[in-house]
Every structure is written in structure tokens, then in C-alpha cells.
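# Architecture at a glance
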Amino acid sequence: MIRKLFLQMLWPQVLSAMTVMLCMLVDSIMIGQFLGVDAMSAYGLTTPVLLVFAALGSMISAGVQVVCGKAVGTVDRKATDACFSASVVLAAVISGLGLGLVLVFAEPLCTLLGAGAAGTSEPVFGMTKQYLIGFILGAPAFISAQIMIPYLQMSGSRTRLVVAVAAMTVSDIVFDCLNVLLFHGGTFGMGLASSLSYYVAFVIGLGTFLKKDRLFHLRFQNGVAKTCLSILRHGIPTVVNQISMVLLTFLLNKILIQVGQYRAVAAYSVISTIGNISFSFGTGIGAVALMLSSVFFADEDRNALKELVKTMAAYGAMLDFLVTVLVMTFAGFLVRLFVPEDPAAERMATEGVRLFALCLVPSALNSAFKNYYQGIGRSKLTQVISVLQNFALAALYALILSRFFGTTGVWLAFVFGEATTFVLLTLLVWKRYGRVSISAEAYAMLPKGFGAAEEDCLECTILSMSDVAAAASRTESFCRCRGQSPTAAKQVAVCVQEMTSNIVQYGFTSDTKPHSIFVRVVHRGNEQVIRIRDNCVEFDPVHYFELHRADESHAGIRSVMAIVKDASYIHSLGLNILTLHL
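Description of the structure in this document.

Okay, the overall build of the protein chain next. When helices and strands are counted, the protein chain shows 22 helices and 5 strands. Taken over C-alpha atoms, the radius of gyration comes to 26 Å for the protein chain, in line with the 25 Å a tight globule of 582 residues would show. Overall, the protein chain is about 85 × 55 × 45 Å in size when its C-alpha atoms are taken along their principal axes. A burial count over the protein chain gives 57% of its 582 residues as buried. Across the protein chain, the fraction of contacts at a sequence separation of at least 24, relative to all contacts at a separation of at least 6, is 77%.

Right, let's get into the pattern of salt bridges. One pass over the full model with this rule turns up 13 salt bridges. Of the charged contacts, one joins D299 and R533 as a salt bridge, the two residues approaching to 2.9 Å between their closest N and O atoms. In this pair, D299 sits in the loop between α11 (280–298) and α12 (302–329) while R533 sits in strand β3 (residues 527–534), placing the two residues 234 residues apart along the sequence. With a relative accessible area of 6%, D299 lands in the buried category. Take R533: its relative accessible area is 5%, and that puts it in the buried class. Among the salt bridges present, the one from K565 reaches E527, with a minimum N-O distance of 3.2 Å.

Take the side chain of S157 next. Inspection of the secondary structure puts S157 in the loop between α7 (139–154) and α8 (158–183). For S157, a relative accessible area of 10% corresponds to the buried category. A distance of 3.2 Å separates polar atoms of two side chains, one belonging to S157 and the other to S155. When residues no more than four places from it in sequence are discounted, the contact partners of S157 are L152, T208 and K211.

Before going further, it helps to examine the sheet that holds β3. Taken in spatial order, the 5 strands make up an open sheet running β1-β2-β3-β5-β4, and their pairing is antiparallel. Two strands bound the open sheet, and with one partner strand each, they are β1 (457–462) and β4 (566–572). Adjacent strand axes in the sheet meet at a mean angle of 15°, parallel and antiparallel pairs treated alike. Where strand β2 (residues 517–524) meets β3, 8 bridges bridge the pair, whose relative direction is antiparallel. Following the sheet pairing, I517 is matched in β3 by D534. On the sheet, helix α19 (residues 465–481) packs against β1, β2 and β3 and is oriented at approximately 175° with respect to β1.

Turning to the packing of aromatic side chains, a few remarks are in order. Scanning all chains against the criterion turns up 19 aromatic pairs. Aromatic pair F135 and F142: ring centres 5.5 Å apart, planes at 65°, arrangement edge-to-face. Neither F135 nor F142 differs from the other in exposure class; each is buried. Three or more aromatic residues link up through ring pairs in this structure, and these residues are Y268, F279, F356, W411 and F414.

Moving on to the layout of surface pockets. Taken as a whole, the largest pocket holds about 490 Å³ of empty space. If you go around the largest pocket, you meet 22 residues; those closest to its centre are R77, D213, R214, L215 and E538. With 5 residues, β4 is the largest single contributor of residues to the lining of the largest pocket. Among the residues making up the lining of the largest pocket, the classes are represented as 8 nonpolar, 7 polar and 7 charged.

Looking now at the packing of helix α3 (residues 47–73) against helix α4 (residues 77–104). At a minimum axis distance of 10 Å, the contact between α3 and α4 shows a crossing angle of 175°. Here α3 is positioned roughly antiparallel relative to α4, judged by the angle of their axes. Along the contact surface, α3 presents F53, L56, M59, I60, V64, V67, C68, A71 and V72, while α4 presents A79, T80, C83, S87, L90, A91, I94, G98, L99 and V102. Looking at the contact of α3 with α4, its residues break down into 16 nonpolar, 3 polar and no charged.

Quick look at a nonpolar patch on the surface now. A surface patch of nonpolar side chains, amounting to about 700 Å² of accessible area, comprises F34, V170, V174, L178, L181, L182 and F183. Among the secondary structure elements, L178 is positioned in helix α8.

Moving on to the state of the cysteines. Throughout the structure, instances matching the rule amount to 0 disulfides. Lacking any disulfide linkage, C83 is separated from the closest cysteine sulfur, that of C68, by 4.5 Å. Here C495 stays free of any disulfide, with the sulfur of C479 as its closest cysteine sulfur at 9.7 Å.

Turning our attention to helix α9 (residues 186–206). The terminal C-alpha atoms of α9 lie 31 Å apart, and with 21 residues this matches the ideal 30 Å at 1.5 Å per residue to within 8%. Buried residues of α9: T187, G189, M190, G191, A193, S194, S195, S197, Y198, A201 and G205, and no others.

Turning our eyes to something else, we now look at the nonpolar core. Core analysis: the largest hydrophobic core is formed by 138 residues, its most contacted members being F6, Y151, L292, M312, Y372, Y373 and W411. In contact with Y373, other than residues within four places in its own chain, are R378, S379, L381, T382, I385, L425, V429, Y443, A444 and M445. The next biggest cluster of nonpolar side chains, apart from the first, holds 32 residues, and it includes I517, F545, L580 and L582.

Of all the 8 residues making up β2, 7 are buried; the element is thus mostly covered by neighbouring parts of the structure. Pairing of β1 with β2, which is carried by 6 bridges, proceeds in the antiparallel orientation. Residue pairing for β2: L458 is matched across the bridge by V521.

On to the pairing of β4, then. With respect to burial, β4 is a largely interior element, 6 of its 7 residues being buried. As paired elements, β4 and strand β5 (residues 575–581) share 7 bridges and run antiparallel to each other. Note that in β5 the partner of S568 across the bridge is T579. Between β4 and β5, which follow one another and run antiparallel, lie 2 residues, and L573 among them has a positive phi close to 60°.

This part covers the environment of V200. Positionally, V200 belongs in helix α9. For V200, a relative accessible area of 27% puts it in the partly exposed group. In this structure, the C-alpha to C-alpha distance between V200 and V165, residues 35 residues apart in sequence, is 9.0 Å. Beyond its immediate stretch of four places on either side in the chain, V200 contacts A167 and S171.

What counts, and where the lines are drawn
- Residues numbered from 1 in each chain as written.
- Predicted model: local features only at pLDDT ≥ 70, side-chain atom pairs only at ≥ 80, totals over all residues.
- Heavy atoms only, no water.
- Helix = DSSP H or I, 4+ residues; strand = E, 2+ residues; numbered from the N terminus.
- Rg over C-alpha atoms; globule rule 2.2 N^0.38 Å.
- Buried < 20%, exposed > 50% of the residue type's maximum accessible area, 1.4 Å probe, protein only.
- Contact = heavy atoms within 4.5 Å.
- Salt bridge = Lys/Arg side-chain N within 4 Å of Asp/Glu carboxyl O.
- Polar contact = N/O pair within 3.5 Å; in protein donor to acceptor, adjacent residues only side chain to side chain.
- Pairing = 2+ DSSP bridges.
- Axes fitted to C-alpha atoms, helices over the stretch in contact; angles between N-to-C directions.
- Phe/Tyr/Trp six-rings, centres within 6.5 Å; stacked < 30°, edge-to-face > 60°.
- 1 Å grid on protein atoms, 1.4 Å probe; cavity = no way out; pocket = protein on both sides within 12 Å on 5 of 7 lines; lining within 4 Å.
- Points joined across faces, edges and corners; volume = space filled by probe spheres on them.
- Nonpolar A, V, L, I, M, F, W, Y, C, P; charged D, E, K, R; others polar.
- Parallel < 35°, antiparallel > 145°, perpendicular 65-115°, else oblique.
- Patch = residues over 30% accessible without salt bridge, like charges linked within 9 Å, V, L, I, M, F, W, Y side chains within 5 Å.
- Areas by Shrake-Rupley, 256 points an atom, 1.4 Å probe, with all protein chains shown as cover.
- Disulfide = S-S within 2.5 Å.
- Expected span 1.5 Å × (residues − 1).
- Core = buried A, V, L, I, M, F, W, Y, C linked by side-chain atoms within 4.5 Å.

Written out as C-alpha cells, the structure is:
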């Protein structure tokens, strides 16, 4: 079930990451084709500011994934509502402050970015300022759309997520075309087109939070301020990651101006745009890893975390290897989309794209593990990986290699930086594990004594009614082996049999989709905990029992509720998740 759930969440996440980058790609192509190399340089110079806002949105989004993921893992509905309410407050405050600051300090900001000084004849300055103003008007929607993504994933609204990001891409293309062909709004119009497309995505995603049966509710109660701090604290590793990227981009722009002037900056802008599209797979894998690791860690599910490590590493390496081959093959064609009439910039960018592509596989692995460690609470390790991967090592290599190889040395810095980061991570894993190993157990880096011991945990997958009887029989034997009395062991087996047989009988037949049930029974001293996950249509047996408590029917659910000490349910990640404590 872990692999299937991972893939179901991966493609909408990749598409959402790719769509944001596609909007930037469309902007770059339209700017390069219609507004010229100076405008492309201006666009490249604004990248650090765009990354700052991406960092702020990503910080809240990552904090939401950890905090809300833990709430889902422990089936705490009040905590999920508190997280949602706190994230709305954070989005409003941060986007409002950012919008005001950029509008007030636009000119000194452009000078800081390297666009020159106000009042000079340098055309890049004016173009940089105009793009910033156009883009910043969409800051509220830009940040809100980023925060919506984990909520849409957790609520199982993956179709709406796909529709929202697709609509954002289409609208961005349409608005860009209107700007360059009809309104002639220059770089300001290009920034504004992106802003409007973010508002389109925001409005579409908003529908999920207006439904009557929505998972998340806006409730400004006591504790929201504390939850805000928790979201920010858990999101710090992500903002460190993004700020590292901002600093690297700022430094590389300075180096490139020295070794290749503004043409090199334009080439770097092309490389960054193509690279960001290519990073979408690694970004999507990392985002899913963060969300699932926080859920499974809160549930103390050691086996699920190890399976997650294997799945994310395998798909990260495989998918990004294919992307590497494609990018290297079509590098020349892709670059010509941006700089069709500047042979020198084209040659420089084509070389850079091909060299940059070599860093994609180690980058995907670094990003996956970095997000996974963030989800299991190893924030310091996540921050170290972020700084090494996205700033320190790449900057060091760029400073050294650019002296000998010029712009080529800058492009090589990406490859050496990512590869060195993964090597250092692997050495750290081996040191902590005590020996050389490439196992999921080693890279999972779970605390000693985490979760139930393997002998105190039983896991079963149910695909048919015959599997129900087998799971019940295994459960009874498992409990007897853990020292439970025959009566107590039988009660646990009854809970498994009754709940799963109902799911097979009613959930499996509700539609034609393939369904499965994953049962996990954990022995904790005198307590047994049953966790049942299924991918059928949403159904809350706890609420159903409360509604029909006075009825004499529904014997299966009634018998289970008479046995258990506590029952809790939540529908999240597209799954029904039922927890029973006996």
C-alpha cells in the first residue's frame, strides 16, 4: 500500500511543482523571444526575490505537512483544524508584509540585485523593477497556492489539484500572449500575467475548503498562535533550503557578471529555468516523502518508514536518470526557445544545460532524504544538507573552478556540489549505523527503540474476503503468542474480522476501482492497537455507530465498539484510517 499511495500522491505533486516552473519557463521563453536579452537578464536578476517568496510559501507548506501529518498520524481532528487556521493567518501576514515591502523599496532592491542604479541609462534596471512590481501583486495567491497543495493532498482532492495547476499553466500562457501581442506591457505585463495565473489556481483550489464534508475547518480558537509557531519551527529547514538557493543565485550572478558579463547571467537564467523544470520530479518526491514520513513517524510505523525510504530512493534515481538523458539530448533545442538570435549566449547556455543535467540524480536523492529527515524530526540534519547542497559546496566549487574554466566552471559547480553532498550524507549514515550499508534501515536513521519491536507488530494486506479470515486467524495467533488470554486474543481477532469484512462487502463493491486494506496490529504491554487503512469510498464507522446507537442492527460495528476502549477515524490522503485501542 505504501508504494501505491506514494505513486498516487507523487504525480499530482510533480505536476504542481512542474506547473509552477512551467509558468516561469513560459515567461522566460516569451521574454527571450519578444523582449530581448536585456529583458532576460532583468528576469534573471529578479530570481532571488522570487525565490524568497517561494521560500516563505514553502516554509509554511512544509510546516503544515509536518504538523498536520502528525495530527493525521495520531487521528487528531482538532489539531488538523488548528493547523489549517494557523496557516491561513501566516499566509495573510507574510504575503501582506512582502507585498508592501517590495512596492516601497523596489528601486534599492533592484540596485542590490545588480541591475544598476536608479536614474541611469541602463535599460536592465527599469525592466527589473517593472517585473518585480508585476510579480509581487500576485504574492498573496502565490503563497496561498503553495500552502493549499498539502491540504489538497491530505484531503484526497488530487483531481482538483491537477485541475488547478493545469488551469494556472494555461492561463499564464494566455496572459503572456495577450501581454506581448496585444497590450505590449513589457516586463511588468509578464510579471502581472504570472500573478493573475496564481489567482486562477487559488480560486479553483478554494472549492475544496468550502465543501460541507471538508476535512479542514477554519476555527480561530485558543492555541492558534502556538500552532503558528509550531508550523514555522517545523518549516525552518525548508526556508533554510530556499534561502541557500537565493544566496547561491545571488553569488553566481555576481561571478557570472565578472567572467561573462550580462550574457552569462542571461545564460544562467535559461539554465535555471530548464533546471527547475527538471527538478520537478525530485521536488515532488521530496514533498511526498515529507508528508508521508511525518504521518508514519507520528504513528510509530517503522516498517512503513523503511518502505518509504526504499520507494523514494528508487523512484528518485530512476525518474531523474530518464530526465537527465532527455535534457542532455534536447539541450540545444530547449536553449533556442529562449535565445534564438544570440549565438554566443546560446552556446554558453547549451553547454551549461548539459553539464547541469548531470546533477539531477544526486540532487533527487539529496532532496528526498532531506525532506524525509525533516518529517521524522531531524531538522538539524535537514538544514545541514540544505546548506551544503544549495549553497556552500556549489559556491565553493564555483569560486574555484570559475578562475580556471570561466563560465564552464560555474556550470560544473552544480554537479560537484550535489555529488559531494550525497557522499557526505552517505558517510554520516554509515557512521551512525556502525557499518557500510545501503539498506533502507540504515538510511532511515530512526531513533533507537523507535516504534514497536518487529515481534510485537503484525501486518496484513487484505484483497478479498478470503484474506479477511486469514488476517483474523493470524491476529488471534499473534495475540496468543504475546501472552494474551484466549478470550482477549479472540476479541482482537473479532475486531479485525468484523471491520475488514464490512469494508470488503460494502467498500470494495461501491465502485469498479481496485481496492485494498492494510491492517496493522501492535502489542504494547497490556494494550493492543489496531490500525486499519483502506482506499475505498469515505466512510466513518465511529460516526455511523453514534448515529445508529439505538438501532438493533449493525451487529458487526456494534460488537466492535463494545469491545474497544477507544475508536478514532479520519479520512486523509485518500484513505479511510481507523484506529482501535483495546
